Amino acid sequence: MTEQLSMFGREPSRELSPGAVLLPQFALADEAGLLAGVRAVTEQAAFRHMQTPGGFRMSVAMSNCGALGWVTDRAGYRYEARDPETGDLWPPMPTSLRELARLAAAHAGYEGFDPDACLVNRYEPGARMTLHQDKNERDFDAPIVSVSLGLPATFLFGGLARSDRPVRVALTHGDVVVWGGPSRLRFHGVMPLAEGEHPRLGRIRVNLTFRKAG
Ligand code: MD6
Ligand code: FE
């Protein structure tokens, strides 16, 4: 795995802020395993558009795998062990996904990352994610590992206050962002996805975020 990774090490990693690192194309070493894992998860727990606590339908469709899954509805944002659509436990986290998350975290200086939750986001052209902080996890010591697949997106990377002007980061297929320490609670979002066609995924972007939630 480590040797394979070096094949994709064309671009060096880039620090976005203290504690946050972009690892370009890091997820491509086991691209086939990763895509198979994502497919297995979303066959068991289909993508769905959840509602915000305020009653708005999210433009991003979501699924989860692992012991805990992130959900939102009129009752609020939280983690749940079961898929509210089916009552079943979320599908287990495929080994290919877990290993990628561990390896990326270690690469970014976070040894021993042991995610129990992976949120799977699907964007179609026009879908976006407004600025938010990830703060439903129990402790903020663990980083978040974010994997981008499919169509490119412009990630908005803000500061610790909502009013801090975000910088724009272009994320393409296979890019991984690891994000923790002093950056763990930075505001962030995704600009509306542009039209396009990805050779492997078609007209979508998929983002995986691995967390230690419980
Ligand atoms: C996305 N990502 O890229 C949404 N959160 O589709 C996130 O909300 C996110 O990429 C925390 C850390 C990294 C992320
Ligand atoms: Fe987030």
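Nothing here was measured: the structure is a model prediction, and the numbers come from that model. (Residues numbered from 1 in each chain as written. Chains lettered and ligands numbered in written order. Predicted model: local features only at pLDDT ≥ 70, side-chain atom pairs only at ≥ 80, totals over all residues. Heavy atoms only, no water.)

## Notes on the sheet that holds strand E6 (residues 117-123)
The pairing of strands in a sheet comes from backbone hydrogen bonds and takes either a parallel or an antiparallel form. Applied cut-off: For two strands to count as paired, DSSP must find a minimum of two bridges between them. Under the scheme used here, helices are H or I runs from DSSP no shorter than 4 residues and strands are E runs no shorter than 2 residues, and both carry numbers assigned from the N terminus. Fitted lines through C-alpha atoms give the axes, limited to the stretch in contact for helices. The angle between two N-to-C directions lies from 0 to 180 degrees.
Taken in spatial order, the 7 strands line up as E1-E2-E11-E8-E13-E6-E3 in an open sheet, and their pairing is antiparallel. Every interior strand has two partners, whereas the edge strands, strand E1 (14-17) and strand E3 (61-65), have only one. Across the sheet, the mean angle from the axis of one strand to that of its neighbour is 20°, orientation sign disregarded. Note: strand E2 (residues 20-23) against strand E11 (residues 176-179), 4 bridges, orientation antiparallel. From the neighbouring strand, Ala20 faces E11, where its bridge partner is Trp179.

## Observations concerning the site of ligand 1
Threshold: Consider each residue's heavy atoms; a residue with any of them within 4 Å of a molecule or strand counts as near. Distance and chemistry together define a polar contact, namely a pair of N or O atoms within 3.5 Å, with one atom able to donate a hydrogen and the other to accept it when in protein, and with adjacent residues in sequence counting only for side-chain atoms on both sides. Method for areas: the Shrake-Rupley scheme with a 1.4 Å probe, in which residue coverage is limited to the protein chains shown. Method remark: on a 1 Å grid restricted to protein atoms, a set of points is classed as a cavity if a 1.4 Å probe fits but cannot get out and as a pocket if it is open with protein on both sides within 12 Å along at least five of seven lines; lining residues have an atom within 4 Å of a point. Any molecule with more than half of its atoms within 2 Å of a cavity's or pocket's grid points is counted as sitting in it.
Contacts to ligand 1 come from 13 residues, most closely from Tyr123, Asp134, Ser146, His188 and Arg205. Asp134 is positioned with one of its side-chain polar atoms (N or O) 3.0 Å from a nitrogen atom of ligand 1. Here an oxygen atom of ligand 1 sits 2.9 Å away from a polar atom, N or O, in the side chain of Arg205. When the free accessible area of ligand 1 is taken as 340 Å², the share hidden by the protein chains comes to 98%. Among the cavities detected, the one that contains ligand 1 is the largest pocket.

## Some thoughts on the layout of surface pockets
With a probe scaled to a water molecule rolled over the atoms, the places where space remains empty come into view. As a reminder, the rule being used: Grid points are joined across faces, edges and corners, and a volume is the space filled by probe spheres set on the points. Gly is put with the polar residues, along with every residue not named as nonpolar or charged; the nonpolar set is Ala, Val, Leu, Ile, Met, Phe, Trp, Tyr, Cys and Pro, and the charged set is Asp, Glu, Lys and Arg.
For the largest pocket, the calculated volume is near 750 Å³. As for the largest pocket, its lining consists of 35 residues, of which Met58, Trp70, Met129, Thr130 and His132 are closest to the centre. Elements with a minimum of two residues in the lining of the largest pocket: strand E5 (76-80), E6, strand E7 (129-132), strand E8 (144-150), E11, strand E12 (188-190) and strand E13 (205-211). Here the lining of the largest pocket is composed, by residue class, of 16 nonpolar, 11 polar and 8 charged.

## Details of the pattern of salt bridges
Condition: Any carboxyl oxygen of Asp or Glu that lies within 4 Å of a side-chain nitrogen of Lys or Arg is treated as forming a salt bridge with it. Per-residue accessibility, obtained with a 1.4 Å probe over protein chains only, is compared with the maximum for each type, and a residue is labelled buried under 20%, exposed over 50%, and partly exposed between these values.
Here the structure, examined in full by the defined rule, presents 12 salt bridges. In this structure, Glu80 engages Arg78 in a salt bridge whose closest nitrogen and oxygen atoms are separated by 2.7 Å. A relative accessible area of 24% places Arg78 in the partly exposed class. The partner of Glu137 in a salt bridge is Arg211, and the shortest N-O contact between them spans 3.0 Å. Here Glu137 is found in the loop between E7 and E8, whereas its partner Arg211 is found in strand E13, with 74 residues between them in sequence. Of the residues examined, Glu137 reaches a relative accessible area of 4% and is grouped as buried.

## Considerations on the packing of aromatic side chains
What counts is decided by this rule: Each pair of aromatic rings taken from Phe, Tyr and Trp, with Trp reduced to its six-membered ring, is defined by centres within 6.5 Å and is described as stacked if the planes are under 30 degrees apart, edge-to-face if over 60, and tilted in the remaining cases. Comment: the charge-over-ring label is applied if NZ (Lys) or CZ (Arg) is within 6 Å of the ring centre and within 35 degrees of the ring normal.
For the structure shown, the criterion picks out 3 aromatic pairs. Between Phe157 and Trp179, the ring centres sit 4.9 Å apart and the planes meet at 70°, which makes this aromatic pair edge-to-face. In this pair, Phe157 is assigned in strand E9 (residues 153-157) and Trp179 in strand E11, connecting sequence segments 22 residues apart. Across the pair, exposure class does not vary: Phe157 and Trp179 are buried alike. Members of the aromatic cluster, each reached through a chain of ring pairs, are Phe155, Phe157 and Trp179. Positioned above the aromatic ring of Tyr123 is the side chain of Arg205, whose terminal nitrogen or guanidinium carbon lies 5.0 Å from the ring centre.

None of the figures reported here should be taken as evidence of function without further support.
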